[in-house]
Amino acid sequence: SRTDAGVHARSFQLAVPPLRLAAEQWSPGEPCAAILEALNEELPPSIRVFKAICAPFSLELPRLAALREYRYYLPVEMLGSPERRARFEELLKRYVGSHPFVNFTDVARAGQLRSFCRKPSNRPWMRRLYTWRRGRRDAGFPSGDQTCGPVPRELREMTQRQVSSAELCPAPAGFEGLACVRLVGSGFFYNMVRLMVGAAWAAARGVLSE
């Protein structure tokens, strides 16, 4: 598991090389108390291992991850009136389904899109994209055309993601005063989660057109 800079994870999963273990302590697919205890003895108190399971040597955790879940927290007062909150929830649901999310990432910084950016034939389009974005930023993001022109088919296909859930849900204990946006999908690009939440919130306020 890994996160982007500025993102905090409740827990991580990782695979480590085989450790020396007595035969009687080996039970594939079952929690291993001996490894759990040994690892926690070596780690500082701020880092804890909650579960250790013996897995096949060839296990690749990234390939087994079918879904990824993000929870984004923002102050409850930002949601405003009950009507605006309901509108925000409605707009979040529009993300559910399979869509190209090219407008919800920084194309040049998304690792999954590196092969697209390196092709010489795509560089003119990339220059137009960032010239257009800088122009909108410098002009204070005026209303009007929200695209810089047709997106290359290759990029639309590469940014296709399946979102299975996008909802506003109660924050857990200890997070009083915060609203929780829960997003579940097949994968997320660089900055994609914060841009999805920000765009829906801006549209709910009427600052961004739908």
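Heads up: the structure comes first, above all this text.
The present account deals with the structure reproduced in this document. Please read these numbers as outputs of a predicted model, since none were measured by experiment.

1. With respect to the overall build of the protein
Alright, step 1. If you tally the helices and strands in the protein, you get seven helices and four strands.
Alright, step 2. Seen in sequence order, the protein has helices and strands lined up from the N terminus as α-α-β-α-β-α-α-α-β-β-α.
Alright, step 3. Considering the protein as a whole, with its 210 residues, one finds that 26% of them fall into the buried category.
Alright, step 4. Pairs at least 24 apart in sequence give 66% of the contacts found in the protein among residues at least 6 apart.
Alright, step 5. Summing over all exposed atoms, the protein offers an accessible surface of approximately 14300 Å²; the carbon and sulfur share of this is 55%.

2. Here we look at the nonpolar core
Alright, step 1. With 36 residues, the main nonpolar core has F88, Y95, V107 and M196 as its most contacted residues.
Alright, step 2. For this core, the elements supplying multiple residues, two or more each, are α3 (82-93), α4 (114-118), α5 (123-138), β3 (160-169), β4 (178-185) and α7 (192-205).
Alright, step 3. Here this core takes eight residues from α7, the largest share from any one element.
Alright, step 4. Excluding residues that lie within four positions of it along the chain, Y95 makes contacts with F101, F104, V163, A166, L195, M196, A199 and A200.

3. Topic: the side chain of T159
Alright, step 1. Considering the arrangement of structural elements, one finds T159 in the loop between α6 (153-158) and β3.
Alright, step 2. Judged by relative accessible area, which is 0%, T159 ranks as buried.
Alright, step 3. A polar contact is formed between the side chain of T159 and the backbone oxygen of R156, at a distance of 3.3 Å.
Alright, step 4. The residues contacting T159, other than those within four sequence positions of it, are H99, P100, F101, V102, L113 and F189.

What counts and how
Residues numbered from 1 in each chain as written. Predicted model: local features only at pLDDT ≥ 70, side-chain atom pairs only at ≥ 80, totals over all residues. Heavy atoms only, no water. Helix = DSSP H or I, 4+ residues; strand = E, 2+ residues; numbered from the N terminus. Buried < 20%, exposed > 50% of the residue type's maximum accessible area, 1.4 Å probe, protein only. Contact = heavy atoms within 4.5 Å. Areas by Shrake-Rupley, 256 points an atom, 1.4 Å probe, with all protein chains shown as cover. Core = buried A, V, L, I, M, F, W, Y, C linked by side-chain atoms within 4.5 Å. Polar contact = N/O pair within 3.5 Å; in protein donor to acceptor, adjacent residues only side chain to side chain.

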